[in-house]
Amino acid sequence: MKSAQIHAYLSENYTRRRWVDRGMRLVLFLCAVAALVPLFSVLGYVLFRGVPGLNLDFFTQIPRPVGEAGGGMANSLVGTCILVATASLLGIPWGIAAGVYLSEYGRTKTAHVVRFATDILASVPSIVIGLFIYALFVVPMGGFSALAGGMALGVLMIPTVARSTEEMLRLVPTHIREAGLALGLPRWKVILRVVLRGCVSAITTGVMLAIARVAGETAPLLFTALNNRFWSDSLTQPIASLPVQIYSYAIAPFEEWHTQAWAGALVLVLLVFVINIGSRVFFRGDAIGRE
Amino acid sequence: MKAEALENSAAMQGPWSISLPTVKRFKIKAGRGDLHWGDRLFFWLMSTAAVGICGLLGLILAFLVYSALPTITQFGWAFLVEKSWDPVNGEFGALAFVFGTVVSSLLALLVATPLSVGIALFLNELAPRRVAKGIGFLIEMLAAIPSVVYGLWGIFVLAPWLRTTVQPFLGDWFGFLPLFQGPPYGVGLMTSGIILAIMVIPTISSLSKEVFRAIPRANREAALALGATRWETMRLSVLKSSKTGIFGAVILGLGRALGETMAVTMVIGNRNDISSSLFAPAQTMASIIANEYAEATTSLHLSALAEVGLALFAVTFLINGLARLLIWRMKGRA
Amino acid sequence: MEASTQQDPILRIRSLNAWFGESHAVKDVSLDISPNAVTAIIGPSGCGKSTFIRCLNRLHEEVPSAGAAGEVLLSGMNIYGEGVDPVGIRRKIGMVFQKPNPFPALSIFDNVVSGLRLGGVRRRSILVEVAERSLRQAALWDEVKDKLHAPGTGLSGGQQQRLCIARALAVDPPVLLMDEPTSALDPIATAKIEELVLELKKQVTIVIVTHNMQQAARISDRTAFFLMGELVEYGETSTVFTVPKEERTERYITGKFG
């Protein structure tokens, strides 16, 4: 009798439960769709508003004064390349070395502290890094410069590169290191020739992702590299960059500048996506990536 | 490592082992004790780079404190609770920016948390593997879009839409709440909150997905075998045991939202004031630095902005420390 | 068919097949399971016995890339029939797993009544009553009655497994599937579960998968021997273990392979 009662209860609610289940599945599906709406909206607008501004001038000319039609962002494109290159010189070797330390010598207390510091550094707002570089470089050097901007971006690269390098090196099985050591190679040669070489493409992927990230950074450049309406190839002078130029065009009240801003955004997004997706494809070809 | 193991076994024999002739023990440890000169140099290089990161972090802190020293000595704690910000007369209080940062970030979490958890559940529990992979990739792309591009989109697409459609609607129907009063500017706290929500969704959803993935199949089968529907299985076996993990994910999302600069600077309206309405323009700690630092002239002004940066640094430090602690505790339990 | 003399079978399995992707895990199995008896499924590991039992409550299909075909009739109704919702089936056919899996975030009490709560039973008096009854049925009541609100994961392995049995019994299923329920337990806890199984068969039909032949011989009324996804032999336990009809069964039972 008791059990009949329970069965009755259970089947009574059955229809409702099934509807709740279906409803919630739909809700969860819609959550995923909702997140894709802004993605496609951003990409769609960047594409449709950006394409009209793209022409040969955009890639070959520097900005013209207000009111004059035409002009381009050639100097910003070159500036971004210079900044990213400077940043890479600082960030990549430092990051990889720290990653090697964390992976190969990483069981000590020091390593735990370093790991913690790396995570914190990765989460420091990029604008705060800008403040730091301003005090460290801009003030002593007496002015805004490409070098300062590159340093700011470089600092941002370090933690990303370090953590991805550590993760990749950890995927290399211990027996491979032991095989190297057993051949009588010194440890540093084993690490460089066997461990690192085994995952060059994986580390490259991490590095490329870090580059894609800093290439789009604006905030730390605002008062380090500043901006420049003209050509500049000097590391000690302010320099234009794609993100800062987009920013200053976007907040200005001129229609033709807005067009330039959208075109610049299209180029920036393409750049970032190509590096991003390209490096993933690259990684897929790697031995560790397949596992 | 071998030597350590030997040492341990020797220690375990401890009291009941007969006394052996004392043998000099070698402690072999990777790195410091390496004998080869190349190994020593290599270790030294690598550890300098690694410890250098700690040094860098310390240096950042030191330079921020140094830059902020004038205002710290002049205003003390009042800096954080005072509202007036007047560079011309040398009065500096950061309360309005703290308010803008907190409100826009909380709004972002309010929108992003349920969405992100929903996405993580959908990707991990419902979607076929291919679909999950595809959508997961697209959501990662959401994180790859540069902040300034979000800002551009915010100025020319999101803000106008909110001004003409959403905000008038909210004002008409919920205008009795102070939150939805005043003219719809488009730019303001609400717009920043929504942009930030979009930007933290990838963070929160991917971390939640990791948390869900760590739950063994057996837990889900327990619920299924009991006659639970899919949704009930998620509630009973997945959500209930991952509260801490989701909390950690949200905290990390918060860390990201608090420090986000460009997109917010472009859509928050830049007004140094506190208003109860979400429609109102405001200013965040990050946006005031972005707006004024390059143009600040007096040293006190620069110092005040540096102190805002220092506060931002301190908050992100605390938040990420907390999140790491949570993750450690979770790992300890598993 | 031969042994269905006294009672009609509660489960009739007709040409059941199951796959994992390309691999054919259960091949065309047909057998009848009599009510209020213990049916043991034995066979070497990887012979499809777990997959087979997981088809009986349609849990198999929850694994990605898994598929099943055939008929399983529960009191005459095909659970693989069109429009049949697996959720309802699983409430009628309970299951206990290899490793004890109480819900980690729930107390002992909440674990036991979780099936009822899912079904929308809210009234406290009913929940309390059923919890006590199920825990008594699972021979766990005396050990946990003072700490019903402690977390279920705090119990010992054997207690956790009995908690899982109590949880399955709480919704009063006519059939209980057990997938190697003692393989993760020590001998004493195993003995308790076996005792419990013999007690429970008065009220519930039990299908138990085991890799332990002695266990099958001790507790089951009928035994099915699986080999490489096929049902080799099925009959009274005493017959299967003493005078098997098939040579393959004999070789397995005498330890010649597997």
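Peer 1: Before we go on, may I ask you to explain the domain arrangement of chain A in this structure?
Peer 2: Where interface size is given, it is often the accessible area lost as the parts come together that is meant. Residue and element names in this part refer to chain A. With domains assigned, chain A is organised as domain 1 (2–53) and domain 2 (56–290). Once you take the C-alpha centre of each, domain 1 and domain 2 turn out to be 38 Å apart. Opposite the eight residues of domain 1 that make contact, domain 2 presents eight residues. Roughly 730 Å² of surface becomes buried between domain 1 and domain 2 when both sides are summed, with 83% attributable to carbon and sulfur atoms. At the boundary of domain 1 and domain 2, one finds zero salt bridges. Applying the counting criterion to the domain 1 and domain 2 interface returns zero residue pairs in polar contact (both at pLDDT 80 or more).

Peer 1: Hey, could you run me through helix α7 (residues 189–213) of chain B in this one?
Peer 2: The periodicity of an α-helix, 3.6 residues per turn, causes residues three or four places apart in sequence to face the same way. All names here are of chain B. Given a rise of 1.5 Å per residue, 25 residues ought to cover 36 Å, and the 35 Å separating the end C-alpha atoms of α7 matches this to within 8%. Within α7, the axis deviates most sharply at Val-200, by approximately 40°, and proline Pro-202 lies no more than four positions further along. Within α7, 20 of the 25 residues are buried, leaving the element largely enclosed by the surrounding structure.

Peer 1: So what exactly am I meant to see when it comes to the interface of chain B and chain A here?
Peer 2: Between chain B and chain A, the contact holds 80 residues from the first and 81 residues from the second. Across the interface of chain B and chain A, roughly 7,000 Å² is buried in total on both sides, 82% from carbon and sulfur atoms. Contact with chain A buries area across many residues of chain B, yet Phe-42, Ile-53 and Trp-231 of chain B alone supply 9% of it, more than any other trio. For the interface between chain B and chain A, the tally reads three salt bridges. Salt-bridge contacts for Arg-280 of chain A lead to Glu-140 of chain B; the nearest nitrogen and oxygen are separated by 2.8 Å. Broken down by class, the residue content of the side of chain B that touches chain A amounts to 57 nonpolar, 17 polar and six charged.

Peer 1: Please explain the interface of chain B and chain C as it appears in this structure.
Peer 2: If you look at the interface, chain B gives 20 residues, while chain C gives 23 residues. Interface of chain B and chain C: buried area, both sides summed, is about 1,800 Å²; carbon and sulfur atoms make up 67% of it. In this structure, Arg-230 of chain B engages Glu-62 of chain C in a salt bridge whose closest nitrogen and oxygen atoms are separated by 3.1 Å. Counting across the chain B and chain C interface gives three residue pairs in polar contact (both at pLDDT 80 or more). Those elements giving two or more residues to the side of chain B that touches chain C turn out to be α8 (217–225) and α9 (230–239) of chain B.

Peer 1: Can you walk me through the packing of aromatic side chains in this structure?
Peer 2: The relative placement of two aromatic rings is captured by the distance of their centres and the angle of their planes. Under the counting rule described, the total for this entry stands at 24 aromatic pairs over all chains. Centroid distance Phe-169 of chain B to Trp-173 of chain B: 6.4 Å. Interplanar angle 40°. Geometry classified as tilted. Of this pair, Phe-169 of chain B and Trp-173 of chain B both sit in helix α6 (residues 147–174), four residues apart, which is roughly one turn of that helix. Exposure remark for Trp-173 of chain B: the relative accessible area of 59% places this residue in the exposed category. Both rings, one in Phe-225 of chain C and one in Tyr-252 of chain C, keep their centres 4.9 Å apart while their planes meet at 25°; by these two values the pair is stacked. Here Tyr-252 of chain C lies in helix α11 (residues 247–253) and Phe-225 of chain C lies in strand β9 (residues 222–227), a separation of 27 residues in the sequence. Aromatic ring contacts, followed pair by pair, group Tyr-134, Phe-144 and Phe-223 of chain A together with Tyr-293 of chain B into a single cluster. We note Arg-22 of chain A situated over the ring of Trp-19 of chain A; from NZ or CZ to the ring centre the distance is 5.0 Å.

Rules behind the numbers
Residues numbered from 1 in each chain as written. Chains lettered and ligands numbered in written order. Predicted model: local features only at pLDDT ≥ 70, side-chain atom pairs only at ≥ 80, totals over all residues. Heavy atoms only, no water. Domains from an automatic or database assignment. Contact = heavy atoms within 4.5 Å. Buried area = accessible area lost by both parts, 1.4 Å probe. Salt bridge = Lys/Arg side-chain N within 4 Å of Asp/Glu carboxyl O. Polar contact = N/O pair within 3.5 Å; in protein donor to acceptor, adjacent residues only side chain to side chain. Helix = DSSP H or I, 4+ residues; strand = E, 2+ residues; numbered from the N terminus. Expected span 1.5 Å × (residues − 1). Bend = angle between axes of the 7 residues up to and from the residue. Buried < 20%, exposed > 50% of the residue type's maximum accessible area, 1.4 Å probe, protein only. Nonpolar A, V, L, I, M, F, W, Y, C, P; charged D, E, K, R; others polar. Phe/Tyr/Trp six-rings, centres within 6.5 Å; stacked < 30°, edge-to-face > 60°. Lys NZ or Arg CZ within 6 Å of the ring centre and 35° of its normal.

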